[in-house]
Amino acid sequence: MAGQTDQLIKPGSGRGLLDVYADRFLLKLLVRKEIKVRYRGSVLGLLWSYVKPLVQFLIYFVALGVFLDLQRGTPNYAIYLFAGIVLVNFFTESLSNATRSIVDNRDLIRKIYLPRELFPVATVWVSAAHFFPQLLVLIGACLVVGWTPSIVQLAAVVLIFLMVAVLATGLGLLFGAMNVYFRDSENIVDMIVMVVTWASPVLYVWSMVERAMGPWFWIYQLNPMTVAVEVFHWAFWEPTLKAEQSVADAMPPELLTVWLPVSALITLAVLFLGQLTFRRLAVHFAQEL
Amino acid sequence: MTSHGQVAILCTDLRKQFVLRHTRSLKEALVWLVKGRKGDLSKKFLALKDVSLEVKQGETVALLGLNGSGKSTLLKLISGVLQPDGGTVLTRGRVAGLIEVGAGFHHDLSGRDNVYLNGAILGMTEQQIDEKFDAIVEFSEIGEFIDTEVKFYSSGMYLRLAFSIAVHTDPEVFLIDEILAVGDEPFQRKCIAKIKELADKGKTLFVVSHDLDLVATVCERGVLLEHGEVVMDGDVDAVVSELRRRSLSET
Ligand SMILES: Nc1ncnc2c1ncn2[C@@H]1O[C@H](COP(=O)(O)OP(=O)(O)OP(=O)(O)O)[C@@H](O)[C@H]1O
Ligand SMILES: [Mg+2]
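Remember, predicted model here, so these are calculated numbers, not experimental data.

J.: I'd love a proper account of the overall build of chain A, names of residues and values included.
T.: In terms of regular secondary structure, chain A is built from 14 helices and one strand. For chain A, the C-alpha radius of gyration of 21 Å lies close to 19 Å, the compact-globule estimate for 289 residues. Taking the principal axes of its C-alpha atoms as reference, chain A extends roughly 70 × 50 × 40 Å. Residues counted as buried form 52% of the 289 residues belonging to chain A.

Structure, rendered in C-alpha cells:
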C-alpha cells in the first residue's frame, strides 16, 4: 500500500477477478458469514447439506432405479446416480446463489467500493463447502463396494471440480450482473437449473441419448456439465464395477481425448464472457440497485 | 492556515447523471423495443454538474448544501462506489468512506464478527484487525456486548462500533457522511476529538453534515453545493453563513 501513496489513482477501477485473489481474507470472511447466516437458528446446521441430497437420491433411486428398473441395465446404479447428483447439485446451487448474490448484497454495494466479483465467487465457495461433505459420502459408498481408482481418475475428479466451479462462476457473474437490471434473470436461471439435471446423464446413461440422437449426439456432448458428469462416472462408478459386471460402453467415445478439452475450453470462454459482461455492467451497480 | 502537501482529491468537471428507470422487467423493455422505442422508459437527471475541486493532503473540508444537492453523490464518486459520467476523479492514498452508519454490518452476526468483516471491507488485513481489535472495542465502549448479535444493539451502539472500526482503518483520506448525529453527547465529543486528532496527523477529511456548528469547529474549509453545482468554496465560517442566508431567503 505504501508505494501507492504518492500516486493519484482513479477510485473504483478494479481488475476484476484478480482483485478477488488479492482480497482473499475478505473472501474468506464473506464465505464464513454466508454459512453462518444461512444456518442460523437451525438445529441441524451444516448437516442439512447431507440430508437434502440424500432425500433427493432416495426419490430418484426408488422412482427410476426400482420402479422404472434402471438398475438392471446399470450395475451399481446407486453409485452412478449419487455421483451425478452430487456434482450437479454443486453446480446448480452455485449458479442460483451467485445469480442472486449481487442483489442480495445491495446494501453493501451501494455504499462501499469493493471488488464486486467477490460476491458471486463467495457463493461458489459456500457451495463447495456443501459439496465436500457429500463428496466424502460418495467416496465412502464407493469404497464399500470396492472402488479402485487410478491416479489419473483421481486427478480427473479434481479437474472436474475446478471446471464446474469455474463454469458456475462464469455463468454466475453473467446472470448476477444481469439480475441487477432485470430480475428476470433469476427465473431464467431457475429454468437452467431444472434443465441441467435432465440434460446430463445423471439419471439415465449416455447411450440412451446416443440411440435417440444418432449423428447429432455431439450437440449433447457440447454441454460442459454433461462431460463433467460423464467423467465423474468414469472416476467413481466405473472403478467399482467387477469384471463380470463391466459394461461395454461405460463411457462415450473420445471422452477424455476430445470432449474433456472441448468442455474446458467452453468453460473458460464462459468465464471470460461472464467477467467481461460483469465488468461492463458493474460500473452502474451502485446506482441501479 | 497550516500549509498543506500534495493533492489528495482532484475532481475535474465531474458530472453525474442518474437514469430514473421505470421498469425492471424484461417484458416491458422488450415491448418497448418492439413498439419502436416509443415513449420514455427512463428519465434523466443531472445530480452533479461540472464539479471541479481540489483538496490537498491534510485539509479538512466541509461539504455543505441542502437536501438533494448532491453531497452524498459526490462522496460516492470519490470513494469509487459510483463512476462519473463525465470528468475525472483522482485520489491519493487509501480512502475510507463512512457513507452510512454500519454499511456492511450484518445483523445476524456478533459485534466481533462484524468488526472483522467490516474491517476487511474497509481494506484492513487480518493482522491489522487482530492488532487493533482491542483498541476498536475500547474506543466504541461496547464492552461485553461485543459478542452479542448487532441486531440487538441500539442505534447509538451501532454507530459507535462502526465509527470506531472506520477510524482504526487508518486511511489517508476520510470521507464522513452524516454519521455523527446518532451518538450521545459524550461520544460525539469523543468522535470530534478523534477527528481533530486525525486532522492533526495530516489526514485529509471530507465531511458532510447538516450540523453547521459542529462542522465549523472541525473543518477549516467549506464547499457549498447547490443543485449539483459548487456555488461557493472558501473559509468554513463564510460558507456556513452563506448557507444560512440562502436557506433563510428560501423559506
Ligand atoms: N441511485 C440513484 N438513482 C437516481 N437518483 C439518485 C440516485 N442517488 C441519488 N439520486 C438523486 O441525486 C440527487 C442528489 O442526491 P444526494 O444523495 O447526493 O443528495 P444529498 O446532498 O446527499 O442530500 P441529503 O442532504 O438529503 O443527504 C437527489 O435528487 C437524488 O434523488
Ligand atoms: Mg446525503
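J.: For the site of ligand 1, give the residues involved together with the corresponding values.
T.: For ligand 1, the set of nearby residues contains 14 residues, the closest of which are Gly68, Lys71, Ser72, Thr73 and His210 of chain B. More than one chain approaches ligand 1, the contributing ones being chains A and B. Interatomic distance of 2.9 Å between a side-chain N/O atom of Asn67 of chain B and an oxygen atom of ligand 1. Within the backbone of Gly68 of chain B, an N or O atom sits 2.8 Å from an oxygen atom of ligand 1. Starting from 630 Å² of accessible surface for ligand 1 in isolation, the protein chains cover 67%. Secondary structure elements with two or more residues in the shell around ligand 1: β1 (7-21), β2 (42-56) and α2 (71-79) of chain B. Per element, the largest residue contribution to the shell around ligand 1 is three residues, and it comes from α2 of chain B. Within the shell around ligand 1, the residues separate by chemical class into five nonpolar, eight polar and one charged.

J.: I'd like a rundown of the interface of chain B and chain A, residues and numbers included.
T.: Listed as interface residues are 45 residues of chain B and, on the opposing side, 38 residues of chain A. Across the chain B/chain A interface, buried area totals approximately 3500 Å², and carbon plus sulfur atoms make up 63% of it. The salt bridge involving Lys28 of chain A is made with Glu126 of chain B; its shortest N-O contact spans 3.7 Å. If you look at where chain B meets chain A, you find five residue pairs in polar contact (both at pLDDT 80 or more). The element that contributes the greatest number of residues to the side of chain B that touches chain A is β1 of chain B, accounting for six residues. Of the residues assigned to the side of chain B that touches chain A, the class counts are 21 nonpolar, 11 polar and 13 charged. Judged from the two bridges that link them, strand β1 (residues 8-9) of chain A and strand β4 (residues 86-92) of chain B form a sheet pairing that is antiparallel. Along β4 of chain B, the bridge assignment pairs Leu8 of chain A with Arg92 of chain B.

J.: Can you explain the packing of aromatic side chains? Please cite residues and give values.
T.: Think of a pair of aromatic rings as described by two things: how far the centres are apart, and how the planes are tilted against each other in angle. Counted by the stated rule, this structure contains 22 aromatic pairs over all chains. Plain terms: the ring middles of Phe57 of chain A and Phe82 of chain A are 5.4 Å apart, the flat faces sit at 80 degrees to each other, and that makes the pair edge-to-face. Here Phe57 of chain A, found in helix α3 (residues 48-67), pairs with Phe82 of chain A, found in helix α5 (residues 77-104); they are 25 residues apart in sequence, far enough to count as distant. Taken individually, Phe57 of chain A and Phe82 of chain A each receive the classification buried, so the pair is uniform in this respect. Note on Phe139 of chain B and Phe187 of chain B: the rings are 6.0 Å apart at their centroids and 65 degrees apart in plane angle, and the pair reads as edge-to-face. Here Phe187 of chain B lies in helix α6 (residues 185-200) and Phe139 of chain B lies in helix α4 (residues 126-140), a separation of 48 residues in the sequence. The exposure class of Phe139 of chain B is buried, given its relative accessible area of 11%.

J.: An account of the side chain of Ser79 of chain B is requested, with residue identities and associated values reported.
T.: The residue Ser79 of chain B is located in helix α2 in this model. Here Ser79 of chain B falls in the buried class, since its relative accessible area comes to 15%.

J.: So what's going on with the pattern of salt bridges? Which residues, and what values?
T.: For the structure on display, the rule yields 23 salt bridges over all chains. Two residues, Arg15 of chain A and Asp19 of chain A, come together in a salt bridge whose shortest N-O distance is 3.1 Å.

J.: How would you explain the packing of α3 of chain A against α5 of chain A if you had to name every residue and give the values?
T.: All names here are of chain A. Running from N to C, α3 and α5 cross one another at 135 degrees; their axes reach a closest spacing of 10 Å. With respect to their mutual orientation, α3 and α5 come out oblique. Where α3 crosses over α5, the handedness of that crossing is right-handed. Residues Pro53, Leu54, Gln56, Phe57, Tyr60, Phe61, Leu64 and Gly65 of α3 lie in contact with α5, whose contacting residues are Tyr77, Ala78, Leu81, Phe82, Ile85 and Asn89. Of the residues assigned to the contact of α3 with α5, the class counts are 11 nonpolar, three polar and no charged.

J.: Which residues make up a nonpolar patch on the surface, and what values do they have?
T.: All names here are of chain A. A cluster of nonpolar side chains, namely Val62, Val66, Phe67 and Leu68, defines an oily patch on the protein surface of about 400 Å² accessible area. Mapped onto the elements, Phe67 comes out in helix α3. Owing to a relative accessible area of 64%, Phe67 belongs among the exposed residues under this scheme.

J.: Got a sec to walk through the nonpolar core? Specific residues and values, please.
T.: If you look at the biggest cluster of nonpolar residues, it comprises 80 residues, and the most contacted ones within it are Leu26, Ile102 and Phe285 of chain A together with Leu64, Val115, Leu161 and Phe174 of chain B. When residues no more than four places from it in sequence are discounted, the contact partners of Phe285 of chain A are Ile102, Ile109, Arg116, Ala177, Val180, Tyr181 and Phe278 of chain A. Of all hydrophobic cores here, the second largest spans 64 residues; its members include Leu64, Tyr80, Val164 and Phe217 of chain A.

What counts and what doesn't
Residues numbered from 1 in each chain as written. Chains lettered and ligands numbered in written order. Predicted model: local features only at pLDDT ≥ 70, side-chain atom pairs only at ≥ 80, totals over all residues. Heavy atoms only, no water. Helix = DSSP H or I, 4+ residues; strand = E, 2+ residues; numbered from the N terminus. Rg over C-alpha atoms; globule rule 2.2 N^0.38 Å. Buried < 20%, exposed > 50% of the residue type's maximum accessible area, 1.4 Å probe, protein only. Near = heavy atom within 4 Å. Polar contact = N/O pair within 3.5 Å; in protein donor to acceptor, adjacent residues only side chain to side chain. Areas by Shrake-Rupley, 256 points an atom, 1.4 Å probe, with all protein chains shown as cover. Nonpolar A, V, L, I, M, F, W, Y, C, P; charged D, E, K, R; others polar. Contact = heavy atoms within 4.5 Å. Buried area = accessible area lost by both parts, 1.4 Å probe. Salt bridge = Lys/Arg side-chain N within 4 Å of Asp/Glu carboxyl O. Pairing = 2+ DSSP bridges. Phe/Tyr/Trp six-rings, centres within 6.5 Å; stacked < 30°, edge-to-face > 60°. Axes fitted to C-alpha atoms, helices over the stretch in contact; angles between N-to-C directions. Parallel < 35°, antiparallel > 145°, perpendicular 65-115°, else oblique. Left-handed = near helix turned anticlockwise from the far one by under 90°. Patch = residues over 30% accessible without salt bridge, like charges linked within 9 Å, V, L, I, M, F, W, Y side chains within 5 Å. Core = buried A, V, L, I, M, F, W, Y, C linked by side-chain atoms within 4.5 Å.

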